[in-house]
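# Commentary on secondary and tertiary structure
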Amino acid sequence: MSTAVVQSAEYRNNQKRKDTFISIFIGIFAFVWIFPILWTVWTSLRPYNDIISYGIFSWPRRLTFDNYINAIQEMKIGVYLLNSLLVTVPSVILTLFFGSLVAFVVTRYQFKFNLWILLLFTAGNMLPIVLTYIPVFWMFIWIGELFGNRNMLYNNYGGLILVHVGFQVGFATFVLSSYMKTIPKEISESATIDGANVFRHYWNVILPLLRPALAALSVLMTTWIYNEFFWALVLMSDDSKRPITSALRRLQGQYVTDFNLLAAGAIIAAAPTVIMFFVLRKQFIAGLTLGSTKG
């Protein structure tokens, strides 16, 4: 009996040490992750002259929101935010629509190449951007010249939306197909027996059951596409058409850059996604584990 008590005490002590180690590790990791954000906020509230006079690591003489006011004026926040919405909203809707269609086909119907189709869409997300941006760029130019309009896709919202859809639909297909496998096959069989055609089966039976998955994915996709910078820089030659992430370039001087002003602009650009995270944090957290289980 005493041996069991000793073993139980040793187990509790080992568990406490493990919990303490994990807590310390998570705390250090959280600090390393959040420190640059806090430093950016801290820098955005300091006047530029204060840093010039007393140094970056000095205690500020005063804190002000002047950097935010100047950033809003110089970034033309309304124009670039509208550009981001014009790209992000259609991209998310089309990505979820096409992803759910492909996932519906490869999970609800059995045919010879359904697994290969799923692997093909998934593999598309594994290609580095540096290997694809040159072919995509020349493809956009070639298609435009083929139809007699060089800007048919290049320097056009439609082209940028197509790129986002093309690169995100693979991930959406993979996640939605994993989620769709948890839906009982009997539901699809009942729909078929009742005479539902393929589109009615998808639209009226399966799609309503995908609402939790679609809600979580929409939060993730919106965050990724809204914060994307590279494709807008490559495929948009007109600066006035670029999304808000590109507007930060307007805050850089030719010879000297006010990093306090740039920090304020970065906080402003990130604000919509931060607000969306807090409003829809349950769906966002669900999206991190979506598709991790199989039926």
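Worth saying up front: this structure is predicted, and the values here are computed from it rather than measured.

### Digging into the overall build of the protein
- Counting its secondary structure elements, the protein contains 13 helices and zero strands.
- Its helices and strands taken in sequence order, the protein reads α-α-α-α-α-α-α-α-α-α-α-α-α from the N to the C terminus.
- The C-alpha atoms of the protein give a radius of gyration of 25 Å, which is well past the 19 Å a tight globule of 295 residues would have.
- Principal axes of the C-alpha set define a box for the protein whose edges measure 90 × 75 × 35 Å.
- Residues classed as buried in the protein amount to 35% of the 295 residues present.

### Let's talk about the nonpolar core
- Counting residues in each nonpolar core, the largest one holds 19 residues, and the members touching the most others are Leu-176, Met-180, Leu-210, Leu-214 and Leu-217.
- Here the element with the most residues in this core is helix 10 (residues 211–227); it accounts for six residues.
- Core analysis: the second largest hydrophobic core is formed by 15 residues, Ile-141, Leu-153, Val-165 and Leu-235 among them.

### Some words on the packing of aromatic side chains
- Using the criterion set out here, one finds 17 aromatic pairs in the structure.
- With 5.5 Å between their ring centres and 80° between their planes, Phe-137 and Trp-138 make a pair best called edge-to-face.
- Exposure remark for Phe-137: the relative accessible area of 21% places this residue in the partly exposed category.
- Residue Trp-138 is classed as exposed on the basis of its relative accessible area of 53%.
- Note on Phe-230 and Trp-231: the rings are 5.5 Å apart at their centroids and 75° apart in plane angle, and the pair reads as edge-to-face.
- In this structure an aromatic cluster arises from ring pairing among Phe-97, Phe-98, Phe-104, Tyr-109, Phe-199, Tyr-202 and Trp-203.

### Some words on the pattern of salt bridges
- Tallying each qualifying case throughout the model produces three salt bridges.
- As a salt-bridge pair, Arg-150 and Glu-145 come within 2.8 Å of each other at their nearest N and O atoms.
- Here Arg-242 ties to Asp-239 by a salt bridge, and the two come within 3.6 Å at their closest N and O atoms.

### Digging into unusual backbone geometry
- At Lys-76, a residue that is not glycine, the phi angle is positive and equals roughly 50°.
- Residue placement: Lys-76 occurs in the loop between helix 3 (66–75) and helix 4 (77–108).
- Accessibility expressed as a relative area gives 46% for Lys-76, which makes it partly exposed.
- Of note, Asn-155 is a non-glycine position whose phi angle comes to about 55°, a positive value.
- Position of Asn-155 among the secondary structure elements: in the loop between helix 6 (129–146) and helix 7 (157–180).

### Some remarks on the side chain of His-201
- The residue His-201 is located in helix 9 (residues 198–209) in this model.
- When near neighbours in sequence (up to four residues on either side) are disregarded, His-201 contacts Phe-104, Arg-108, Tyr-109, Ser-188, Ala-191, Ala-196 and Ile-206.

### So, the confidence of the model for the protein
- For the protein, per-residue confidence averages 83 on the pLDDT scale, and 91% of positions sit at 70 or higher.
- Helix 13 (residues 281–289) is the least confidently modelled element of the protein, averaging 66 in pLDDT, while helix 4 averages 91, the highest of any element.

### What to know about the packing of helix 7 against helix 10
- It is at 11 Å that the axes of helix 7 and helix 10 come closest, and there the two elements cross at 155°. Relative to helix 10, the element helix 7 lies roughly antiparallel. Considering how the two elements wind past one another, helix 7 and helix 10 form a crossing that is right-handed. Listed contacts from helix 10 to His-164, Gln-168, Phe-171, Ala-172, Val-175, Leu-176 and Tyr-179 of helix 7 are Pro-212, Ala-213, Leu-214, Leu-217, Met-221, Trp-224 and Ile-225.

What counts and how
- Residues numbered from 1 in each chain as written.
- Predicted model: local features only at pLDDT ≥ 70, side-chain atom pairs only at ≥ 80, totals over all residues.
- Heavy atoms only, no water.
- Helix = DSSP H or I, 4+ residues; strand = E, 2+ residues; numbered from the N terminus.
- Rg over C-alpha atoms; globule rule 2.2 N^0.38 Å.
- Buried < 20%, exposed > 50% of the residue type's maximum accessible area, 1.4 Å probe, protein only.
- Core = buried A, V, L, I, M, F, W, Y, C linked by side-chain atoms within 4.5 Å.
- Phe/Tyr/Trp six-rings, centres within 6.5 Å; stacked < 30°, edge-to-face > 60°.
- Salt bridge = Lys/Arg side-chain N within 4 Å of Asp/Glu carboxyl O.
- Contact = heavy atoms within 4.5 Å.
- pLDDT = per-residue confidence, 0-100.
- Axes fitted to C-alpha atoms, helices over the stretch in contact; angles between N-to-C directions.
- Parallel < 35°, antiparallel > 145°, perpendicular 65-115°, else oblique.
- Left-handed = near helix turned anticlockwise from the far one by under 90°.

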